[in-house]
Amino acid sequence: MDERTYLIQAVEKARETMLQNLGGPFGALLVDTQGQVFVASNTVLGSNDPTAHAEVNVIRQVCKQKGTHDLQGCILYTTCYPCPMCLSACIWANIKEVYYGCTAQDAEAIGFRDDFIYRYINEGCDDPSVLTLKQSDRSACLVLFEEYAALDKTLY
């Protein structure tokens, strides 16, 4: 199948849950290295989970089914440019190729904050009206990091 066909499937899944008031107009489809297709949508409202974005949901679905955190070689198709959280999830999952439909500006035009969050990050995350980040007791936490490094654990 081609990228348009995959995006249309993501649109259809998003429309289904959007009309059920489970989430917004966001759908995602992932094709694994064997050509298996997984589809999910945004379910933030239905699950009361602000992280239940379409991309995160499909990544969770695939990782659980495959028993891995590494989706290298998989291709993601999504109805909108990934928000910062979803973009990070793609990077953490080693997804190297993403096709998207709408832009962050399109999402902002209908009330979503994707582009706002990108601006916040680009401006150094230094707007206390959005979020205050305060470092505290690094030395207590650094011990844990040192313990982890000494265990020679798998990095991801």
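Before reading on, note that the structure itself is shown above.
Note that this is a predicted model, so its numbers are computed, not measured. (Residues numbered from 1 in each chain as written. Predicted model: local features only at pLDDT ≥ 70, side-chain atom pairs only at ≥ 80, totals over all residues. Heavy atoms only, no water.)

1. Re the sheet that holds strand β2 (residues 37-41)
Strand order across the open sheet formed by four strands is β2-β1-β3-β4, with mixed pairing between neighbours. Of all the strands in the sheet, the pair left with one neighbour each is β2 and β4 (97-102). Within this sheet the neighbouring strands show an average axis-to-axis angle of 15°, counted without direction. (Pairing = 2+ DSSP bridges. Helix = DSSP H or I, 4+ residues; strand = E, 2+ residues; numbered from the N terminus. Axes fitted to C-alpha atoms, helices over the stretch in contact; angles between N-to-C directions.)

2. Focus: the packing of helix α3 (residues 54-66) against helix α4 (residues 84-92)
Axis separation between α3 and α4 bottoms out at 8 Å; the angle between their running directions is 25°. Put simply, α3 runs roughly parallel to α4. At the point where α3 passes α4, the crossing takes the left-handed sense. Along the contact surface, α3 presents Glu55, Val56 and Ile59, while α4 presents Met85, Cys86, Ala89 and Cys90. For the contact of α3 with α4, the per-class residue count stands at six nonpolar, no polar and one charged. (Parallel < 35°, antiparallel > 145°, perpendicular 65-115°, else oblique. Left-handed = near helix turned anticlockwise from the far one by under 90°. Contact = heavy atoms within 4.5 Å. Nonpolar A, V, L, I, M, F, W, Y, C, P; charged D, E, K, R; others polar.)

3. Brief notes about α4
Listing the buried residues of α4 in full gives Pro84, Cys86, Ala89 and Cys90. Of the surrounding elements, those touching the buried residues of α4 are α3, β3 (75-80), β4 and α6 (114-122). (Buried < 20%, exposed > 50% of the residue type's maximum accessible area, 1.4 Å probe, protein only.)

4. Regarding the packing of aromatic side chains
Evaluated as defined, the whole model comprises six aromatic pairs. When the ring of Phe26 is compared with that of Phe112, the centres are 4.8 Å apart and the planes differ by 85°; the resulting orientation is edge-to-face. Here Phe26, found in the loop between α1 (3-19) and β1 (27-31), pairs with Phe112, found in the loop between α5 (104-109) and α6; they are 86 residues apart in sequence, far enough to count as distant. Counting every residue linked through ring pairs, the aromatic cluster contains Tyr6, Tyr77 and Tyr99. (Phe/Tyr/Trp six-rings, centres within 6.5 Å; stacked < 30°, edge-to-face > 60°.)

5. Digging into the pairing of β2
The sheet contact formed by β1 and β2 spans five bridges and is antiparallel. Across the sheet, the residue bridging to Gly27 is Ser41, located in β2. Counting the residues in the hairpin turn of β1 and β2 gives five residues, including Gly35, whose phi is positive at 90°.

6. Some remarks on the state of the cysteines
One pass over the full model with this rule turns up zero disulfides. The closest cysteine sulfur to the non-disulfide-bonded Cys125 is located on Cys83, 14 Å from its own sulfur. (Disulfide = S-S within 2.5 Å.)

7. Some points on the environment of Thr103
Relative to the elements of secondary structure, Thr103 occurs in the loop between β4 and α5. By relative accessible area, which is 27% here, Thr103 ends up partly exposed. Separated by 24 residues in the primary sequence, Thr103 and Thr79 have C-alpha atoms spaced 8.9 Å apart. Residues contacting Thr103, with those up to four places away along its chain left out, are Cys80 and Tyr81.

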